[in-house]
Amino acid sequence: MIKTRGYAAQDASSPLAPFDFERRDPGPQDVVIQILNCGVCHSDLHQARNEWSNTLYPSVPGHEIVGRVTAVGGEVTRFKVGDLAGVGCMVDSCQHCPSCAEGLEQYCEQGFVATYNGRGPGSENTYGGYSQTIVVKDAFVLKIRHDADQIAAVAPLLCAGITTYSPLRHWGVGPGTRVGVVGLGGLGHMAVKLAHAMGAEVTLFTTSPGKQADGQRLGADTVVISKDKAQMDAQRGRFDFILNTVAAPHRLDDYLQLLKRDGTMTLVGAPAEPHPAPQVFNLIFRRRQIAGSLIGGIQETQEMLDFCADHGIVSDIELISMKEINAAYERMLKGDVKYRFVIDMATLTTDSQ
Ligand code: NAP
Ligand code: ZN
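Residues numbered from 1 in each chain as written. Chains lettered and ligands numbered in written order. Predicted model: local features only at pLDDT ≥ 70, side-chain atom pairs only at ≥ 80, totals over all residues. Heavy atoms only, no water.

1. Observations regarding the sheet that holds strand β12 (residues 222-225)
- Read from one edge of the open sheet, six strands run β12-β11-β10-β13-β14-β15, paired in parallel fashion. The open sheet has two edge strands with one neighbour each: β12 and β15 (289-292). Strand after strand, the sheet turns through a mean of 20 degrees between neighbouring axes, direction not considered.
- The pairing of strand β10 (residues 178-182) with strand β11 (residues 201-206) spans five bridges and is classified as parallel. Looking at β11, one finds that Val-182 is bridged to Phe-205.
- Along the sheet, helix α4 (residues 160-170) makes contact with β10, β13 (239-244) and β14 (259-267), crossing β13 at roughly 160 degrees. (Pairing = 2+ DSSP bridges. Helix = DSSP H or I, 4+ residues; strand = E, 2+ residues; numbered from the N terminus. Axes fitted to C-alpha atoms, helices over the stretch in contact; angles between N-to-C directions. Contact = heavy atoms within 4.5 Å.)

Right under this line is the structure:
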């Protein structure tokens, strides 16, 4: 077994704190990764605090993992020691159901094994990327083509990047489409960058007037302050597609009214409490749709990483030390992140001694 230090929540109300545990010894298909950086997703906070009522404790969050390969099993051909590698939200799936066969492991009919709070091979709780080392089956490890000095800013692509890339692709966003992005946080800022790079006309909806200039810098053609009724009314009936990344319950009707006929609003934000039910009339009169989308498959995650490498796209990050994680969660709750916290994992060793 490989001794590993991580940061864990022991229950829903305690701050995260150092936690020692063991990773399995690598099997023939396993890749051992020394974690250099891990992004901080709002899902980590939801999970650590049991906001989705399914947390297994101790909980070591983290599913935006980048690092260096330190060992590979005998059957691994895609990675060698010294390679940069990434791990996202999944570490296994059944690999034979119709969804897995189509490369949509996130919709595995047996349920995929989540990087943390999943059920590992011996049905033990999985521990995520707020840790020094991880051992992952090679089929779930991603290749990174960005320069090594960009690696910290690549980490958020493994969840925030793919969770926005996948629905933008699935709903055919490109030149000639008018796209709205709701919420400028970790997911939202990636959605703005990606939709802009795909050639769409992008409008950002934010509750934070202070994010206007950033929205434009990141690629939005227009920024709308969603609390301003006149600004919202001016956008009615204009959008082909809206990607809603908001992490809290809010009135969906405010955005449904902005869709064209046959337009779709896809929800990726996963608040702990339900949104107020939308007005059916906002759907039936223009045949509008509300949809949902979950992360993305492994092949599509690789496609997204390559797309970002080709277009010079990384996340805008604030690098933090491991011990700053609890303060970072509080700032995330206030929408005060520009635009993703990423942990420098080297500080895990120095901070927790
Ligand atoms: P985040 O960085 O905290 O960003 C969320 C943004 O939503 C905030 O920056 C804020 O943007 C806006 N917002 C927050 N509270 C709001 C409120 N009460 N009313 C209106 N807007 C509000 O979070 P994230 O990491 O991007 O994650 C967003 C959500 O997606 C979380 O619920 C997370 O669990 C979920 N998620 C889902 C998937 C999936 O596969 N579907 C994957 C990853 C994450 P403004 O300041 O611009 O308004
Ligand atoms: Zn995430």
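After presenting the structure, the write-up continues.
2. Let's talk about the coordination of the zinc ion (ligand 2)
- Surrounding the zinc ion (ligand 2) are the protein donor atoms Cys-41 (SG), His-63 (NE2) and Cys-159 (SG), which sit 2.0 to 2.2 Å from the metal.
- Sequence spacing of the donors to the zinc ion (ligand 2): C-x21-H-x95-C. Pair noted here: His-63 is in the loop between α1 (42-48) and β4 (65-72) and Cys-159 is in the loop between α3 (151-154) and α4, with a separation of 96 residues, a long-range link. The exposure classification of His-63 matches that of Cys-159, with both residues buried. (Donors = N, O, S within 2.8 Å, 3.2 Å for Na, K, Ca; no water. Buried < 20%, exposed > 50% of the residue type's maximum accessible area, 1.4 Å probe, protein only.)

3. Here we look at the environment of Leu-56
- By the secondary structure assignment, Leu-56 is in the loop between α1 and β4.
- Relative accessible area serves as the criterion here: at 24%, Leu-56 is assigned to the partly exposed category.
- A C-alpha to C-alpha distance of 10.0 Å links Leu-56 and Tyr-127, two positions 71 residues apart in sequence.
- Sequence-distant contacts of Leu-56, that is, excluding residues within four places in its chain, are made with Asn-117, Gly-118, Arg-119 and Asn-125.

4. Looking at the packing of α4 against helix α5 (residues 186-197)
- Between α4 and α5, the shortest axis-to-axis distance is 8 Å and the interhelical angle comes to 50 degrees. For the element pair α4 / α5, the angle class is oblique. Here α4 and α5 pass one another in a crossing that is right-handed. Side by side, α4 and α5 meet where Ala-160, Gly-161, Thr-163, Thr-164, Tyr-165 and Leu-168 of the first sit next to Gly-186, Leu-187, Met-190, Ala-191, Leu-194 and Ala-195 of the second. (Parallel < 35°, antiparallel > 145°, perpendicular 65-115°, else oblique. Left-handed = near helix turned anticlockwise from the far one by under 90°.)

5. As for the packing of α4 against helix α10 (residues 298-311)
- Between α4 and α10, the shortest axis-to-axis distance is 10 Å and the interhelical angle comes to 100 degrees. As far as their axial angle goes, α10 and α4 are roughly perpendicular. For the pair α4 and α10, contact is made by Gly-161, Ile-162, Tyr-165, Ser-166 and Arg-169 and by Glu-300, Thr-301, Glu-303, Met-304 and Phe-307, respectively.
- Split by residue class, the contact of α4 with α10 holds four nonpolar, three polar and three charged. (Nonpolar A, V, L, I, M, F, W, Y, C, P; charged D, E, K, R; others polar.)

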